[in-house]
Amino acid sequence: MAKKLLKYKNYDVHSITTVAGAGTPGARYNANIATWVMQTAMGGTHLTVALYKIDYTITLVEESGIFNVNLLAEDQTNLIGRLGRKSGREQDKLSRLPHALDNRGCPFLTGAVGYAQCRVIDRIDSGDHVLFVCEVVGQVVLHPEKPVMTNNFLREKGLVRG
């Protein structure tokens, strides 16, 4: 039997990094893996990001209304297990992970191809995910020479199924 049609799509792989309580002693940070990220306006002014409802990231995004979409590079495959298969509720996912804070106090991954700074303007229930519609308030290219990680690349390396 052939696989489902949408399994043929090759998505870029991202990490969503976020903060709640930026600039306070109680600031909470998290990072996860996301493939369902799409530009939804001409000129890169808006993105829509699908986040899994049970993820800790949603709690922080809903509190702060901000996050960064980090476009991952092929040399960052170690992040799949660390950021995608563990919860930030039980551990600090950013500890011992190369990152910095942007001008909003939101983390970004310094080894990524780059990141888009996002401000949430709407949310839409989407089954087991929530879609966050965002205004892109900044874009930073960190490593233009690095190849972008994709789902097909991860399948070829045996890091994801499908």
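Everything below is about the structure printed above this text.
The notes below deal with the structure included here. On a predicted model such as this, the values are computed, not experimentally measured, just so you know.

Helix and strand counts for the protein chain come out as three helices and nine strands. On C-alpha atoms alone, the protein chain measures out to a radius of gyration of 15 Å, which is about the 15 Å that the 2.2 N^0.38 rule sets for 162 residues. The buried share of the protein chain, reckoned over its 162 residues, is 43%. Surface summary for the protein chain: the accessible area is close to 8,700 Å², and the carbon and sulfur share equals 54%.

Here we come to the sheet that holds strand β5 (residues 66–71). Here we have seven strands laid out as an open sheet, ordered β2-β1-β5-β8-β9-β4-β3, and antiparallel in their pairing. The two strands at the open ends of the sheet, each matched to only one other strand, are β2 (28–34) and β3 (37–39). With strand direction ignored, the average angle separating the axes of adjacent strands in the sheet is 30°.

Now for the nonpolar core. Core analysis: the largest hydrophobic core is formed by 16 residues, its most contacted members being F67, V69 and F132. Put simply, the parts of the chain that give this core at least two residues each are β4 (46–52), α1 (56–64), β5, β8 (114–126) and β9 (129–141). Sorting elements by how many residues they give to this core places β9 first, with four residues. The residues contacting F132, other than those within four sequence positions of it, are L47, T48, V49, L51, I58, V61, E62, F67, V120, D122 and R123. V13, A112, M149 and F153 belong to the second largest nonpolar core, which has 13 residues in total.

Cut-offs applied
Residues numbered from 1 in each chain as written. Predicted model: local features only at pLDDT ≥ 70, side-chain atom pairs only at ≥ 80, totals over all residues. Heavy atoms only, no water. Helix = DSSP H or I, 4+ residues; strand = E, 2+ residues; numbered from the N terminus. Rg over C-alpha atoms; globule rule 2.2 N^0.38 Å. Buried < 20%, exposed > 50% of the residue type's maximum accessible area, 1.4 Å probe, protein only. Areas by Shrake-Rupley, 256 points an atom, 1.4 Å probe, with all protein chains shown as cover. Pairing = 2+ DSSP bridges. Axes fitted to C-alpha atoms, helices over the stretch in contact; angles between N-to-C directions. Core = buried A, V, L, I, M, F, W, Y, C linked by side-chain atoms within 4.5 Å. Contact = heavy atoms within 4.5 Å.

Bear in mind that shape data such as this cannot, by itself, settle questions of function.
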